[in-house]
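# Observations on chain architecture
Here is how the chains run, residue by residue.
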Amino acid sequence: MTSTATKSSYPDRPRKALCRNPFLSIKFFVFCHGLLQLSQLLVSGYLKSSISTIERRYGLSSQTSGLLASFNEVGNTLLIVFISYFGSRVHRPRFIGCGAILVSLAGFLMSLPHFITGPYEYDQSVASMFSNTTDLCQPEGLESQGNLSDTVCAPHTARENHEVLLVMFIAQALLGIGGVPIQPFGISYIDDFASEQNSPLYLGILFSVTVIGPGVAFMLGSAMLRFYVDIDKITEDEVQLTNKDPRWVGAWWLGFLVAASLVAVSAVPYFFFPREMPKEVTSGKESGSKKSEDLLSQLRSKSEQVQNLSLSKFIKHFPMVLLRNLRHPVFLLVVLAQVNLSAMVAGLATFMGKFLERQFSLTASFANMIIGAVNIPGAMVGIVVGGAILKRFQVSLKQCSAMCVLGMLLCLLVAFPLLFLGCPTQKVAGVTYSESSDFGLHTLECSFHCNCPEKAYNPICGSDGIEYISPCHAGCEVVNIDNNSVLNYTNCSCISRNGPGGFAKPGTCGTDCSHLLLPFVVLSCVAGILASTSHTPSFMLILRSIQPEDKSFAVGIQFMLLRILAWMPGPVLYGSAIDTTCILWEKKCDRNAACRYYDNNLFRHRYLGLQFFFEVGAFLCFATVYMILRRQEMEARNVPETKTDPEKKKLTESTTKGPESKV
């Protein structure tokens, strides 16, 4: 049964009784759907906010974490095409509810590795309830206590790591599958039963939630990562790290529990909404003229003809529509431009937090706060401004493409200086800095007698301004503590070369780039605003350049291509590029785990260089679209219009009429 039968679905029920039942109100459905979409985006967006923390906790490379972040698109892509077929054939609210339950299950599964693995262990200078070993200098002749870094790779360690990855990848696949029906079915349900006057408002609310959701996810990540990862296993007094320590791991799992619980609660109302509800009636004048109503009914009848195809005919019909739209130069080029922009956003969303942490020595919590409070709201402002310009000036298709070209050109000019805003990696003895050519990695002469474990990692900052990867590598023999917290290290043989009484403080020396953080954030925010102004015009170019009966298919094709060409490979590509800039890897079971030190200049140039490359690609695609539309407009003006030239008339209309005039 399709939505055309809704006018007589509730003929005898009094209108007051309908109003008293919230599940027969489209406004209540919009409220529930907005809450569900926000909760769903919390689950998917929270992973990106905690990606660097998960890398550190389980020893993942950026390539692996990028694959994990994009794996939800696999399940989504495999099923999204068939959503356009099922349409109103199924009980859409219940399908949405079932999808939400899968998303909730995925969120709980993402937090499961925390509960099936042991407590977080790290190299330390003070014995604790989890370890009686230290990483101070153990001179030759004394019995070396060793450290966590010296532990033998037990079979269960490797198996545990594989189990963690398996659980997370399954959770991401479920997240993608569960998210398939939520937005398409929700939008079509609202469009079927909302009034013509209110439908754009309701859809606008949902799209604004889609933009706000990732920002809320990063703010949630900022709050959760302030807590220590094992907050449920040890007391606060037993935590020896601060959130500024490079070994710090925040409570990444806690946010998944919060987001998954919200999704579970949001899923409940959908099992009480009917398959069809009364069409919303608004007071006042009927919207649109009789001509526009006839046009709307024609478009709907064409759409229903497509929806009423059998599954076999649908499968045969789909490749024809796909090829017809891909042969359309404007559609193809605009989609390719959006692919470039989506690839840029994929890298920004997944690894921008990690970039800020490494480049400006920020905590994971503060980096997430910047992204959630500045970058994402900036993108939302750009989308709103782009839409407002379209509505205010009634621009044509050629002017839409000109807007996209101008926005991307200004974005390129603003983004280019970002490549030079940063500092090199701090001086790390034996890694990025050595006073003698005889010094090699971890073979400092001054600490050679300390029997330092090769894999030790407990960074300290010496009084000489040089960072050492552990107290042992600095030759420190004494640690001063207060209330189970390390104050400083003394008797450090490697530091005493620059003067008597060399000492060091715990933690990294940092990159000393704090003065460049504000300019970087401002420029990146402005670049995001300018790039986002092309969002709405690019969608108008797609919707107004294809045949009306192909719109549903074309939008589905568009999102399918964005997933396949941008959202799936994008994070993996960025992660692989970031891994090539690593200069010191953590080793687990003779394999590279998480990266401990990056070449910051190379990291910045490759990470931001990839974003700049995709921005240039989008600019070139939009510029080509502008030239095509300009040529079509010139041809339409030069050739006189006649009654026997319907193609000429269609060409003139497509290039001169604005979006609003075609609705």
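Located above this text is the structure these notes cover.
Model, not experiment: these values are computed from the prediction.

Taken together, the 5 bridges between strand β6 (residues 582–588) and strand β7 (residues 591–598) define a ladder with antiparallel strand orientation. Residue pairing for β7: W585 is matched across the bridge by C595.

A few words on the pattern of salt bridges. Using the criterion set out here, one finds 6 salt bridges in the structure. Its salt-bridge partner being E55, residue K354 comes within 2.5 Å of it at the nearest N-O pair. Placement of K354 in helix α13 (residues 329–360) and of E55 in helix α3 (residues 51–58) is noted, with a sequence separation of 299 residues between them. Under the relative-accessibility criterion, E55 is labelled buried at 4%. K233 is the partner of D230 in a salt bridge, and the nearest nitrogen-oxygen pair spans 3.9 Å. Accessibility expressed as a relative area gives 1% for D230, which makes it buried.

Here the focus is helix α14 (residues 364–393). Each α-helix turn comprises 3.6 residues. Residues three or four places apart therefore point the same way. Between the first and last C-alpha of α14 there are 43 Å, a value that for 30 residues agrees with the 44 Å anticipated at 1.5 Å per step. Remark: the principal bend of α14, roughly 30 degrees, maps to I371. One or two steps after α14, the chain reaches Q394, where phi turns positive at roughly 50 degrees.

Closest axis-to-axis distance for the helix α15 (residues 397–415)/helix α16 (residues 517–532) pair is 8 Å, and the angle between their directions is 170 degrees. Classified by the interaxial angle, the pair formed by α15 and α16 is roughly antiparallel. Like other packed secondary-structure pairs, α15 and α16 cross with a definite hand, here left-handed. Facing G407, M408, L410, C411, V414 and A415 of α15, the residues of α16 in contact are L523, V526, A527, L530 and A531.

Okay, the packing of aromatic side chains next. How two aromatic rings sit relative to each other is set out by the distance from centre to centre and by the angle between their planes. Under the criterion given, the structure shown has 29 aromatic pairs. Relative to F31, the ring of F28 has its centre 6.4 Å away and its plane inclined at 25 degrees; by these criteria the two rings are stacked. With a gap of 3 residues between them, F28 and F31 both fall in helix α2 (residues 26–49), about one helical turn apart. A relative accessible area of 25% places F28 in the partly exposed class. Among the residues examined, F31 registers a relative accessible area of 54% and is labelled exposed.

In this section: the environment of L418. Looking at where L418 falls in the secondary structure, it is placed in the loop between α15 and β1 (460–462). Each C-alpha atom of the pair L418 and S524 lies 7.5 Å from the other, and the pair is 106 residues apart in sequence. Excluding its chain neighbours within four sequence positions, the residues that come into contact with L418 are F520, L523, S524, R604 and L608.

About the cut-offs
- Residues numbered from 1 in each chain as written.
- Predicted model: local features only at pLDDT ≥ 70, side-chain atom pairs only at ≥ 80, totals over all residues.
- Heavy atoms only, no water.
- Pairing = 2+ DSSP bridges.
- Helix = DSSP H or I, 4+ residues; strand = E, 2+ residues; numbered from the N terminus.
- Salt bridge = Lys/Arg side-chain N within 4 Å of Asp/Glu carboxyl O.
- Buried < 20%, exposed > 50% of the residue type's maximum accessible area, 1.4 Å probe, protein only.
- Expected span 1.5 Å × (residues − 1).
- Bend = angle between axes of the 7 residues up to and from the residue.
- Axes fitted to C-alpha atoms, helices over the stretch in contact; angles between N-to-C directions.
- Parallel < 35°, antiparallel > 145°, perpendicular 65-115°, else oblique.
- Left-handed = near helix turned anticlockwise from the far one by under 90°.
- Contact = heavy atoms within 4.5 Å.
- Phe/Tyr/Trp six-rings, centres within 6.5 Å; stacked < 30°, edge-to-face > 60°.

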